[in-house]
Amino acid sequence: MSMLAKVGRFCRDYGVIYTARKVLYRTYIKYYLGGRYCPFSISEEERKKQSAWVPDRKVKISIVVPLYNTNEEFLSQMLQSVMDQTYADWELCLADASDDEECCAEITKIVRALQEKDSRISYQRLASNEGISENTNRAIEMSTGDYIALLDHDDLLHPSALYDVMQQINYHQGEFVYTDELSFDGTTDRVQNIHFKPDFSPESFRSNNYICHFSVFSRRLLEKVGGFRREFDGSQDYDMLLRLTDEADNICHVPRVRYYWRIHAGSVASSSAAKPYTIDAGKRALEEHLMRRGIAGRVQAAEGYGPFYRVHYDVPQDTKVLVMAETERLAEKLKAELSGLPYKIEIHPVVQPRFEVDEKQFDVIVMVRAGYRPDQPDGAWLTELLSCLVPRENMVAAPVVYDSRGRIFHAGYGYRPDRPEQIMSLYRGVPGKDPSYMYRLAFRQNVSLVGGAVLAVREEVYSDWVEENLEVGTKKWNGWGAFSDQTWFSLCLKAKKRWGDCVYTPYVSFTKLPGLTRRQKQSSSKASQEHWRLFFAMWDRMLKKEDPHGNPGMNIFGKYYFLGKSNTLLL
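Notes on the structure follow.

Conventions we followed
Residues numbered from 1 in each chain as written. Predicted model: local features only at pLDDT ≥ 70, side-chain atom pairs only at ≥ 80, totals over all residues. Heavy atoms only, no water. Helix = DSSP H or I, 4+ residues; strand = E, 2+ residues; numbered from the N terminus. Rg over C-alpha atoms; globule rule 2.2 N^0.38 Å. Buried < 20%, exposed > 50% of the residue type's maximum accessible area, 1.4 Å probe, protein only. Lys, Arg positive; Asp, Glu negative; His and termini not counted. Charge placed at Lys NZ, Arg CZ, Asp CG, Glu CD. Phe/Tyr/Trp six-rings, centres within 6.5 Å; stacked < 30°, edge-to-face > 60°. Lys NZ or Arg CZ within 6 Å of the ring centre and 35° of its normal. Axes fitted to C-alpha atoms, helices over the stretch in contact; angles between N-to-C directions. Parallel < 35°, antiparallel > 145°, perpendicular 65-115°, else oblique. Left-handed = near helix turned anticlockwise from the far one by under 90°. Contact = heavy atoms within 4.5 Å. Nonpolar A, V, L, I, M, F, W, Y, C, P; charged D, E, K, R; others polar. Pairing = 2+ DSSP bridges. Expected span 1.5 Å × (residues − 1). Arc of directions from axis to C-beta. Disulfide = S-S within 2.5 Å. Salt bridge = Lys/Arg side-chain N within 4 Å of Asp/Glu carboxyl O. Core = buried A, V, L, I, M, F, W, Y, C linked by side-chain atoms within 4.5 Å. Patch = residues over 30% accessible without salt bridge, like charges linked within 9 Å, V, L, I, M, F, W, Y side chains within 5 Å. Areas by Shrake-Rupley, 256 points an atom, 1.4 Å probe, with all protein chains shown as cover.

### A few points about the overall build of the protein
Working step 1: A tally of helices and strands in the protein yields 19 helices and 23 strands.
Working step 2: A globule of 571 residues ought to have a C-alpha radius of gyration of about 25 Å, and the protein, at 25 Å, matches this closely.
Working step 3: Projected onto its principal axes, the C-alpha coordinates of the protein cover approximately 80 × 50 × 45 Å.
Working step 4: Within the protein, buried positions represent 56% of all 571 residues.
Working step 5: Once the 75 positive and 76 negative side-chain charges of the protein are each reduced to a mean point, those two points are 7 Å apart.

Structural data, given as structure tokens:
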């Protein structure tokens with residue numbers, strides 16, 4: 001598709017103003033902002049500081065690289081990026097499966113010249129090209145390090161890549177470590193895209209391989225899961241990373257761009273659509289992951305996107321669900337809407353401040369606010385939310401909510417330590433058709449806070465909250481009430497603190513109806529401001545830490561990538 005046709009489609013789908021902002025911001029990131037805030041260099045002062053650092057234990061990192069008819073210029077730049085590392089205890093293992101004799105001769109010449117200068121570089125010519133998985137295994141067999149790092153033959157490492165990885169290994173006992181990454185075109189200051197990744201987010205990872213590069217893992221972990229498997233060629237990294245993260249005791253994330261992914265005619269990064277065999281390999285890898293984890297479900301490859309997936313989790317039909325409706329009228333509507341579902345459902349209106357139902361006899365508590373309309377019929381939203389809670393690490397779930405103009409109104413919330421008394425609404429104002437940054441509005445994602453029209457929460461989280469926040473010996477709510485933002489956010493933070501993750505799903509949605517509910521009118525009162533003060537005081541320690549499902553890079557780039565309105569809830 002030509003650039004003009006692409007811009008025309010964007011204008012049709014998202015509007016002229018939104019498209020203009022998108023084009024302007026992408027240009028700004030490509031030619032200015034990306035190179036300025038993610039430079040491929042460090043100062044001499046910083047280099048000396050990092051080079052002088054001594055870890056608590058000796059750790060050698062083996063960087064393994066399969067070569068195949070590698071461009072000479074790209075190879076030289078990749079090799080130099082490894083040699084420029086500020087952390088010195090590394091080895092580079094090159095397994096060359098090139099079948100172009102002229103190219104292979106040039107590769108050998110380049111590598112041999114560098115080997116004379118640096119003995120940490122090992123090179124082996126393979127007898128035949130066995131495919132990416134087996135070629136990588138041959139490189140791993142050459143290695144002797146305590147940790148293995150994966151690097152493509154035409155990409156680059158930031159000078160601080162190994163140093164930052166070693167910080168996680170040394171101070172946080174990281175067994176599996178990954179970093180943020182950047183794709184570039186030609187030179188590293190021509191930024192195409194920057195992937196600011198979250199900390200390990202299992203549901204997001206089941207949607208797509210957001211970890212990818214730069215990944216480093218212990219030899220002990222590698223020996224436990226085995227090497228790359230050729231039957232997953234095309235999605236061999238996804239298969240490998242799923243197995244590694246399934247077994248890793250401590251997964252660490254370096255929230256800095258330390259891997260530079262080159263875009264050129266022959267690179268995977270330049271392809272706009274995954275090949276069928278790649279998608280099928282990823283689907284099979286994810287199915288095996290579910291079997292290893294004992295999670296019942298089937299995997300569907302997403303249509304219209306690259307290698308992305310949707311897991312249809314099997315919800316047990318004996319699941320007991322308590323639905324709490326904000327009003328009696330809403331409760332009556334829900335009884336009709338959910339009557340055809342196979343689960344054991346009880347629906348009760350909450351006449352605040354008292355609620356007499358014993359929540360401990362249920363598996364899932366679902367709280368439904370007035371003022372919203374489901375966009376799918378026959379209670380599909382409840383089935384999807386229950387599905388989201390099938391994996392044991394998922395504790396809270398909510399659907400995406402649109403406003404009356406089809407724009408995002410709720411799709412998760414985040415926070416940042418420099419603004420501990422603010423909750424940020426993510427993606428608000430983004431057109432519903434836009435998958436947004438890294439396609440995060442197209443698939444289930446882990447976020448730190450969810451809210452909006454409906455909140456589904458596991459019984460143990462809700463019961464624990466009830467025991468702490470209802471008057472002793474009664475079912476009377478203290479202050480906030482069951483449907484306040486403070487209560488819903490507190491349930492999310494409690495789940496994160498003790499049990500697991502929050503998920504928002506775009507596979508079902510609600511639309512916000514015109515007008516304000518009584519609860520929304522009350523939110524601007526002085527009493528509400530006091531409730532917010534108490535909320536932030538209660539969760540002060542957590543909110544002063546980095547949001548694990550956010551990224552510090554978004555403090556700078558968020559407005560350029562999210563393209564939504566700037567929305568916060570203030571004390």
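### Looking at the packing of aromatic side chains
Working step 1: What the rule picks out here adds up to 30 aromatic pairs.
Working step 2: With centroids separated by 5.5 Å and ring planes inclined at 90°, the aromatic side chains of Trp532 and Phe535 adopt a geometry described as edge-to-face. Here the residue Trp532 and the residue Phe535 both occupy positions in helix H17 (residues 526-538), the gap between them amounting to three residues, near one helical turn.
Working step 3: Three or more aromatic residues joined by ring pairs make a cluster, and in this case those are Phe176, Tyr178, Phe200, Phe205, Tyr210, Tyr238 and Tyr309.
Working step 4: Over the ring of Trp488 we find Arg369; its NZ or CZ atom is 3.7 Å from the centre of that ring.
Working step 5: Here Arg428 stacks its cationic end above the ring of Phe409, 4.4 Å away from the centre of that ring.

### Describing the packing of helix H4 (residues 72-83) against helix H5 (residues 101-115)
Working step 1: The contact between H4 and H5 brings their axes to 10 Å, and the two run at 20°. What the angle tells us is that H4 and H5 run roughly parallel. Where H4 crosses over H5, the two elements pack in a sense that is right-handed. Judged by residue contacts, Glu72, Leu75, Ser76, Leu79 and Met83 of H4 engage Glu106, Ile107, Ile110, Val111 and Leu114 from H5.
Working step 2: Split into classes, the residues belonging to the contact of H4 with H5 amount to seven nonpolar, one polar and two charged.

### Side note on the pairing of strand E9 (residues 251-262)
Working step 1: A large share of E9 lies buried, amounting to nine of its twelve residues.
Working step 2: Alignment of strand E5 (residues 156-157) against E9, held across two bridges, turns out to be antiparallel. The residue bridging Leu157 from the neighbouring strand is Tyr259, located in E9.
Working step 3: Here strand E6 (residues 176-185) runs beside E9; their pairing, made up of nine bridges, is parallel. Across the sheet, Leu182 pairs through a bridge with Tyr260, a residue of E9.

### Thoughts on H17
Working step 1: Taking 1.5 Å of rise per residue, 13 residues should cover 18 Å, and H17 covers 19 Å from first to last C-alpha, within 8% of that figure.
Working step 2: All of the buried residues in H17 are Ser528, Trp532, Phe535 and Phe536. Viewed end-on, H17 has its buried residues packed into an arc of 90°, placing them on one side of the element. Counted as exposed and oriented over 90 degrees from the buried face of H17: Lys526 and Ala537.

### Quick word on helix H15 (residues 485-498)
Working step 1: For H15, spanning 14 residues, the distance from its first C-alpha to its last is 20 Å, which sits close to the expected 20 Å at 1.5 Å a residue.
Working step 2: In terms of burial, H15 is a largely internal element, eleven of the 14 residues being buried.
Working step 3: Those residues of H15 that fall on the buried side of the exposure criterion are Gln486, Thr487, Trp488, Phe489, Ser490, Leu491, Cys492, Leu493, Lys494, Ala495 and Lys496.

### Comments concerning the state of the cysteines
Two cysteines whose sulfur atoms are joined by a covalent bond form what is called a disulfide.
Working step 1: For the structure shown, the criterion picks out zero disulfides.
Working step 2: Not part of a disulfide, Cys104 finds its nearest cysteine sulfur in Cys103, a span of 7.3 Å.
Working step 3: The buried category is assigned to Cys104, whose relative accessible area is 1%.
Working step 4: Here Cys252 is not disulfide-linked; the sulfur of Cys212 is the nearest cysteine sulfur, at 19 Å.
Working step 5: Look at Cys252 and you get buried, because its relative accessible area is 8%.

### Digging into the pattern of salt bridges
Working step 1: One pass over the structure, following the stated rule, counts 38 salt bridges.
Working step 2: One salt bridge connects Glu467 with Lys360, and the closest N-O pair in it is separated by 3.0 Å. Separated by 107 residues along the polypeptide, Glu467 in helix H14 (residues 459-469) and Lys360 in the loop between strand E13 (344-349) and strand E14 (364-368) bring together distant segments of the chain.
Working step 3: On the basis of relative accessible area, Lys360 is assigned to the partly exposed category, the value being 47%.
Working step 4: Among the salt bridges present, the one from Lys494 reaches Asp464, with a minimum N-O distance of 3.0 Å.

### A word on the environment of Glu337
Working step 1: Of note, Glu337 is situated in helix H12 (residues 328-337).
Working step 2: For Glu337, a relative accessible area of 21% puts it in the partly exposed group.
Working step 3: Put simply, Glu337 and His253 are 84 residues apart on the chain and 43 Å apart in space, counted from C-alpha to C-alpha.
Working step 4: Glu337 has contacts with Pro374, Asp378, Gly379 and Trp381, leaving out every residue within four places of it along the chain.

### Looking at the environment of Met438
Working step 1: With respect to the element layout, Met438 can be found in the loop between strand E19 (422-425) and strand E20 (445-447).
Working step 2: For Met438, the residues in contact, after removing those within four places along its chain, are Asn193 and His195.

### Section: the nonpolar core
Burial of nonpolar side chains together is a common tendency in soluble globular proteins.
Working step 1: Counting 69 residues, the largest nonpolar core has Ile194, Met324, Met367, Val396, Tyr427, Val450 and Phe535 as the members making the most contacts within it.
Working step 2: Top element by residues in this core is H15. It accounts for six residues.
Working step 3: Not counting residues up to four positions away in its chain, the partners in contact with Ile194 are Gly34, Cys38, Glu181, Leu182, Val257, Tyr437, Phe557 and Tyr561.
Working step 4: Membership of the second largest hydrophobic core comes to 40 residues, among which are Val82, Leu151, Ala161 and Leu162.

### Examining a negative patch on the surface
Working step 1: A cluster of acidic residues, Glu72, Asp99, Asp100 and Glu102, forms a negative patch on the protein surface.
Working step 2: Looking at Glu102, the relative accessible area reads 68%, which means it is exposed.

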